[in-house]
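Each chain is listed here by its residues.
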Amino acid sequence: MNIVFGKYIDNGSILTKVSAKIKLLLTTLLMIMSFISFNFYVYLGFSLLIVLLTFIGKLSVKPIWTFLKSIWVLVLIVLVINVLIGNGYVLFSIGHLNFYLNGIIDTVYIVLRLINILLISNLL
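The shown structure was predicted, so the numbers you read here are calculated from the model rather than taken from an experiment.

**Student:** Would you explain the pairing of strand β2 (residues 97-100) in this entry?
**Tutor:** Along any regular strand, the residues point their side chains to alternate faces of the sheet. Two elements, strand β1 (residues 90-94) and β2, share four bridges in a ladder whose sense is antiparallel. In the sheet register, Phe 92 faces β2, and the bridge partner there is Phe 99. Turn length for the β1-β2 hairpin, with the two strands adjacent in sequence and antiparallel, is two residues, and the turn residue Gly 95 shows positive phi of about 65°.

Right, here's the structure in full:
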């Protein structure tokens, strides 16, 4: 797998002209914000902001897509664990196993955070 993170590419975008100190500060703030628990719509808006910044910066999302394709097994394991060891509304039961809706929601948050962190690190 050939994934390169942290390589500076001067593509002439607005983000490449910003001072390194400001980029580091904004990256740190965005990383902290990605771990704050918002409601779903605020977090979805935050994710769209990160995607918008990625497009403004003219950055390629191909390395991130490649990385996410490579960790689908981990995401599947997290989904199974969250669905089986959740709480709240039971979607369905098979024998003694209960499948919880909150587990699916938690997994969506985890995957969104992972994608956001990868996009934010790519912006720096």
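Anyway, onward from the coordinates.
**Student:** Please explain the packing of aromatic side chains as it appears in this structure.
**Tutor:** Each aromatic ring pair is described using two quantities: the centre-to-centre distance and the angle formed by the ring planes. On inspection of all chains with the given rule, the structure shows three aromatic pairs. Between Tyr 43 and Tyr 109, the ring centres sit 5.9 Å apart and the planes meet at 65°, which makes this aromatic pair edge-to-face. One end of the pair, Tyr 43, is in helix α2 (residues 40-56); the other, Tyr 109, is in helix α5 (residues 101-123), and 66 residues separate them in sequence. You'll find Tyr 43 and Tyr 109 in the same group, each marked buried. Ring centres of Phe 92 and Phe 99 lie 4.5 Å apart, and the angle between their planes is 20°; on these two criteria the pair is classed as stacked.

Definitions and cut-offs
- Residues numbered from 1 in each chain as written.
- Predicted model: local features only at pLDDT ≥ 70, side-chain atom pairs only at ≥ 80, totals over all residues.
- Heavy atoms only, no water.
- Pairing = 2+ DSSP bridges.
- Helix = DSSP H or I, 4+ residues; strand = E, 2+ residues; numbered from the N terminus.
- Phe/Tyr/Trp six-rings, centres within 6.5 Å; stacked < 30°, edge-to-face > 60°.
- Buried < 20%, exposed > 50% of the residue type's maximum accessible area, 1.4 Å probe, protein only.

Nothing here speaks to function; it is geometry throughout.
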